[in-house]
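Each chain, letter by letter, is given below.
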Amino acid sequence: MAILSVIVILAVLAPSLSPWPFDEPDWGYDFPGPPNVELKHWFGTDGNGRDLFVRTLYGARISLLVGIIATSVSLLIGVTYGATAGFIGGRVDNVMMRIVDILYSLPFMFFVILLMVFFGRNIFLIFVALGAVEWLTMARIVRGQTLSVKKKEFIEAAHAIGVSNWKIIYRHIIPNVLGPVIVYMTLTIPQVILTESFLSFLGLGVQEPLTSWGVLISEGAKQMESAPWLLVFPAIFLAITLFCFNFIGDGLRDALDPKDR
Amino acid sequence: MNRENGANDNRPILSVRGLKVYFPIVGSGLFSKMIPLKAVDGIDFDLYPGETLGVVGESGCGKSTLGRGILQLLEPTEGTVLWLGEHIEGLSAKEMIGYRKQLQIIFQDPLASLNPRMTIGDIIAEPLTVHYPELSPEDRKQKVREMMERVGLLPLMINRYPHEFSGGQCQRIGVARAMILEPKLIICDEPVSALDVSIQAQIINLIKDLQDSFGLSLVFISHDLSIVRHISHRIMVLYLGNTMEIADRDTLYSTPRHPYTRALISAVPIPDPKLEKKKQRLVLEGDLPSPLSPPSGCVFRTRCPLAQDVCSRQKPVLKEIGAGQQVACHFWDWQE
Amino acid sequence: MLLDVKNLTTRFHTHDGEVSAVSDVSLSVKAGECLGVVGESGSGKTQVFMTIMGLLAKNGRAEGEVYFNGQQIIGLKTEALNKLRGVEFSMIFQDPMTSLNPYLRISRQMTEVLVEHRGCSEAEAAQKSIDLLDLVGIPEPKERFRMYPHEFSGGMRQRVMIAMALLCEPQLLIADEPTTALDVTVQAQILDLIARLGRELNMATVLITHDLGVIAGLSDRVVVMYGGRIVEEAPVDNLFKNPYHPYTWGLLESMPRIDEISRDTLYTISGQPPDLQALPPGCSFEPRCEYAFDRCQIEVPELRRIAEDRVKACHLDQLK
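Residues numbered from 1 in each chain as written. Chains lettered and ligands numbered in written order. Predicted model: local features only at pLDDT ≥ 70, side-chain atom pairs only at ≥ 80, totals over all residues.

1. Details of the overall build of chain C
Here is step 1 of the chain: Counting secondary structure elements, chain C contains 12 helices and 12 strands.
Here is step 2 of the chain: In terms of overall size, chain C behaves like a compact globule, its C-alpha atoms giving a radius of gyration of 21 Å where 320 residues would be expected to give roughly 20 Å.
Here is step 3 of the chain: Once the C-alpha set of chain C is aligned to its principal axes, its extents read approximately 65 × 50 × 40 Å.
Here is step 4 of the chain: When each of the 320 residues of chain C is scored for burial, the buried share is 44%.
Here is step 5 of the chain: Of all intrachain contacts in chain C linking residues separated by at least 6 positions in sequence, the fraction that spans at least 24 positions is 63%. (Helix = DSSP H or I, 4+ residues; strand = E, 2+ residues; numbered from the N terminus. Rg over C-alpha atoms; globule rule 2.2 N^0.38 Å. Buried ≥ 20, exposed ≤ 12 C-beta atoms within 10 Å, placed from the backbone. Contact = placed C-beta atoms within 7 Å.)

Below, the structure is given as structure tokens:
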């Protein structure tokens, strides 16, 4: 958690942490150049002479944003869809879940690529596209949880009081379903970041001069032998961040259930 | 414990006629029909103001389903439920909202009936937010505190969560929630079965006390005949979804007429070694038949010591045999 | 003396601290007799016998002495214990469904025991099992022998459990709330069965329950437990007629009885069952006791013998 906060803070403060702008080359240095402390190129420079440290931090911004927003999108769609399907049950639930099954079986990459091709490489599009794919599993999880919560007596009690169906979903079912959902969220974020990195690796991700870790890693991989630092630093950041999220996910799962002690 | 509270009003507040609740269960095989599980198969009774009707029976008798069928938490397959002269059977959730103020329920599992993510203050207040939304949060809180005190909970615990309380206290929370709208009828579905013996008496006293103060009518569902004897005015004995016998409390225990009632009463262990060891127990042979294929005619005949041919051909009708006692048996007057 | 328990203490290590589920419990069972053990949640009545059976959870530790036929059981290695468990003494539990393996037929589960412990051949084991199923009152035992647990009703399953427990003709049967999950008419059948088996096989039984009615019908002697300790022990008639401990008295008074014309309010024991993680320094029943005085708050009462066959743990001299 602490490490993650550090990374987030760094990402936010990126511009003020280094004298170098992220999109202009340092003409006075190698293209690319290894880390050089005196010149304050802590991570070195890339093939276009831009400071890697700054770019890594900017990349952090993008990657984290993608992760969080895409996951939030999937959360919203998934929770509503899953809770409704689970709550209504019966044939409606069946139909809704079959739709999920069908969408699930379609090749995701294909879609994203299609979307990219049709609508251009807009960063918001990436958010939406990734979110739109991730919600499927979220919906399944939420539906499963809803089904088990629905049977509990306090839901029956709510019916007996006369609480309306929407209020039941909102006040009774969703709060009790959130546990696994939040855990899953913290696991989805790294997944989304990875996917975005993969897309960038393929060249389908963020556009220049914006960068993300995926882009950086992609570029770094190409120059792995001659300028290893281009790959190493972004990769380390990515790995650490993913690890942090997974760790938090585990911790949250343990902490969120007060009565499971 | 007599019916003097209701002496002024001779009309029943609740009238149930021919109530049936069937659950459709798909039979085995690809093209089989739906076989109905006959949880409740034709029940009639009346309930008077201020009265407690005990509903007893063993597993599969349909007593819990009956409770929910009355409250329309489960939709009756057939039959009528008259509340204060109005038909409420088959009403939708929306149509039932007005009645929810008057008809409430207390559940068997104290902890499971409370939303673990809500404070008990919110849990008890929820009925108020649904039915009296015009109340200010302050007024609501005040009412909740008063009700908490009334049921024996410390008002300062209002912001605690259910898992911080013991079983007995959780049941008090359930009672508070059921009482806060000052209903006229409460269905008590095995309210003390999940509690320790030393706590059961506390909750039973509480329910009785509330009944006396508020003039409540209760349908008290339980498998425990000793508790039911203590709290009921009249008692209905169920078996496999059918009524076997209804009688005033004292009559039922002193002169039970139905063979099932007799077997049930004799099976209850008495905490008195001399009596218990000498007791002549009427042991029922066999197993409970499946509610998917109940026996023809009288459903009890497969285990009944008095069963004859007529019992398999003709289902006995609930007949009044005098002094508020009704029995459904062809041989109720058979003397030992 | 068939079973002799001396100063048994069982503690569990939890991450909230140490919990003493059983504190300094001593009791005994003679051959052929039925001992009733009464208590509510937190009384420790089940844990005493889980300890004896060697079924403690991993974080549990037992101290004290338990002698079965003169042999010390606490601290026995699993191998040696296995020669006794299920053979010399057996235990049956409240929920027969979870005690039986749902994936194996009854035949398999029963013959396994005999082949393993008695060295019978499969055929011998099968015959013996069927005989036992008959003994416990299962109709058509030959056919039922081949069935799976879920094909039996609750009462039948409990009979199967009892049959399995009796396979090696144990001298002691420990029954932990054997009828609590059953309907009252089925309960009557099972209790009759246990009583009959005890007489016919000259087998001692321990009946653990919270139901005083069940105790009254079956036990010769009764031990009452509260908060992990024994608070009273007496022959069954004396216990019910003349209880010495306020808790026993309170339990008897607060139970509604089917043969009584009821009073208006039930007598109640105030308060809640004890929290084993936060036991008071003195007598654990003190917070709920009508008769408590100063000494009760500071000193845990010792178990004293007050008559030839009666003991109690209470500072009071006489229950008024």
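From this point on, the discussion continues.
2. A word on the interface of chain C and chain B
Here is step 1 of the chain: Facing the 39 residues of chain C at the interface are 36 residues of chain B.
Here is step 2 of the chain: Contributing elements (two or more residues each) for the side of chain C that touches chain B: α7 (154-166), α8 (184-200), α9 (212-218), α10 (236-241) and α11 (246-254) of chain C.
Here is step 3 of the chain: The biggest single contributor to the side of chain C that touches chain B is α8(C), with 6 residues.
Here is step 4 of the chain: Across the side of chain C that touches chain B, the residue classes break down as 17 nonpolar, 15 polar and 7 charged. (Nonpolar A, V, L, I, M, F, W, Y, C, P; charged D, E, K, R; others polar.)

3. Some thoughts on the interface of chain B and chain A
Here is step 1 of the chain: Taken residue by residue, the interface counts 20 residues in chain B and 15 residues in chain A.
Here is step 2 of the chain: Sorting the residues of the side of chain B that touches chain A by element identifies α2 (93-100), β6 (103-106) and α3 (120-131) of chain B as the ones contributing at least two each.
Here is step 3 of the chain: For the side of chain B that touches chain A, the element with the most residues is α3(B), which contributes 4 residues.

4. Some thoughts on the environment of L172(C)
Residue and element names in this part refer to chain C.
Here is step 1 of the chain: One can find L172 in strand β7 (residues 172-176).
Here is step 2 of the chain: Look at L172 and you get buried, because 22 C-beta atoms sit within 10 Å.
Here is step 3 of the chain: A C-alpha to C-alpha distance of 31 Å links L172 and E18, two positions 154 residues apart in sequence.
Here is step 4 of the chain: Beyond its immediate stretch of four places on either side in the chain, L172 contacts L2, L3, V29, F89, M203 and A204.

5. Considerations on the nonpolar core
Here is step 1 of the chain: Within the largest apolar cluster, 242 residues are counted, with the highest numbers of intra-cluster contacts made by I124(B) and A176(B).
Here is step 2 of the chain: If you tally residues by element for this core, the top one is helix α2 (residues 52-88) of chain A, at 17 residues.
Here is step 3 of the chain: Of the residues that make up this core, three or more belong to each of domain 1 (3-88 + 171-312) and domain 2 (102-167) of chain C.
Here is step 4 of the chain: For I124(B), the residues in contact, after removing those within four places along its chain, are V144(B), M147(B), M148(B), I173(B), A176(B), R177(B) and I180(B). (Core = buried A, V, L, I, M, F, W, Y, C linked by C-beta atoms within 7 Å. Domains from an automatic or database assignment.)

6. Things to note about the sheet that holds strand β3 (residues 34-38) of chain C
Residues and elements named next belong to chain C.
Here is step 1 of the chain: Strand order across the open sheet formed by 8 strands is β6-β7-β8-β3-β9-β10-β12-β11, with mixed pairing between neighbours. What marks the edges here is a single partner per strand, and that holds for β6 (89-92) and β11 (304-307). Averaged over neighbouring strand pairs, the angle between their axes works out to 20° when direction is ignored.
Here is step 2 of the chain: As judged from the 5 bridges shared by β7 and strand β8 (residues 204-209), these two strands associate in the parallel manner. Within β8, the residue paired with I174 across the bridge is V206. (Pairing = 2+ DSSP bridges. Axes fitted to C-alpha atoms, helices over the stretch in contact; angles between N-to-C directions.)

7. Here's the deal with unusual backbone geometry
Here is step 1 of the chain: Here A323(B), not a glycine, exhibits a phi torsion of approximately 50°, which is positive.
Here is step 2 of the chain: Within the secondary structure layout, A323(B) lies in the loop between β11 (319-322) and β12 (325-327).
Here is step 3 of the chain: One non-glycine residue, D24(C), adopts positive backbone phi at about 55°.
Here is step 4 of the chain: Positionally, D24(C) belongs in strand β2 (residues 17-29).
Here is step 5 of the chain: Owing to 18 C-beta atoms within 10 Å, D24(C) belongs among the partly exposed residues under this scheme.

8. Looking at the arrangement of the chains
Here is step 1 of the chain: Of all 2 pairs of chains that touch, the greatest number of contacts is found between chains B and C.
Here is step 2 of the chain: The two units chain A and chain C are non-contacting; their minimal C-alpha-C-alpha distance is 9 Å.

9. Some remarks on the domain arrangement of chain C
Residue and element names in this part refer to chain C.
Here is step 1 of the chain: When the domains of chain C are assigned, the result is domain 1 (3-88 + 171-312) and domain 2 (102-167).
Here is step 2 of the chain: Of note, the centres of domain 1 and domain 2, computed from C-alpha atoms alone, are 30 Å apart.
Here is step 3 of the chain: Each partner contributes residues to the interface: domain 1 has 11 residues there, and domain 2 has 11 residues.
Here is step 4 of the chain: The element best represented in the side of domain 1 that touches domain 2 is α8, accounting for 5 residues.
Here is step 5 of the chain: Partitioned by chemical class, the residues of the side of domain 1 that touches domain 2 number 9 nonpolar, 2 polar and no charged.

10. Overview of the sheet that holds strand β1 (residues 3-14) of chain C
All names here are of chain C.
Here is step 1 of the chain: The 4 strands lie next to each other as β2-β1-β4-β5, forming an open sheet whose pairing is antiparallel. Looking at strand neighbours, the two that pair on one side only are β2 and β5 (71-72), the edges of this open sheet.
Here is step 2 of the chain: Looking at chain direction, β1 and β2 are connected through 9 bridges and run antiparallel. When the sheet's bridge partners are listed, D4 is paired in β2 with S28.

11. Considering the pairing of β11(B)
Side-chain positions along a regular strand alternate between the two faces of the sheet.
Residue and element names in this part refer to chain B.
Here is step 1 of the chain: Strand direction decides the pairing type here: β11 and β12, joined by 3 bridges, are antiparallel. Each bridged residue has a counterpart across the sheet, and for K319 the counterpart in β12 is V327.
Here is step 2 of the chain: Counting the residues that bridge the hairpin from β11 to β12 gives 2 residues, and of these A323 lies at a positive phi of roughly 50°.

12. With respect to the packing of helix α9 (residues 259-267) of chain B against α8(C)
Here is step 1 of the chain: Close contact between α9(B) and α8(C) brings their axes to 8 Å; oriented N to C, the two are set at 55°. In this view, α9(B) runs oblique relative to α8(C), as classed from their interaxial angle. In this structure, the crossing between α9(B) and α8(C) has a hand that is left-handed. For the pair α9(B) and α8(C), contact is made by A263(B), L264(B) and A267(B) and by V184(C), T185(C), Q187(C) and A188(C), respectively. (Parallel < 35°, antiparallel > 145°, perpendicular 65-115°, else oblique. Left-handed = near helix turned anticlockwise from the far one by under 90°.)

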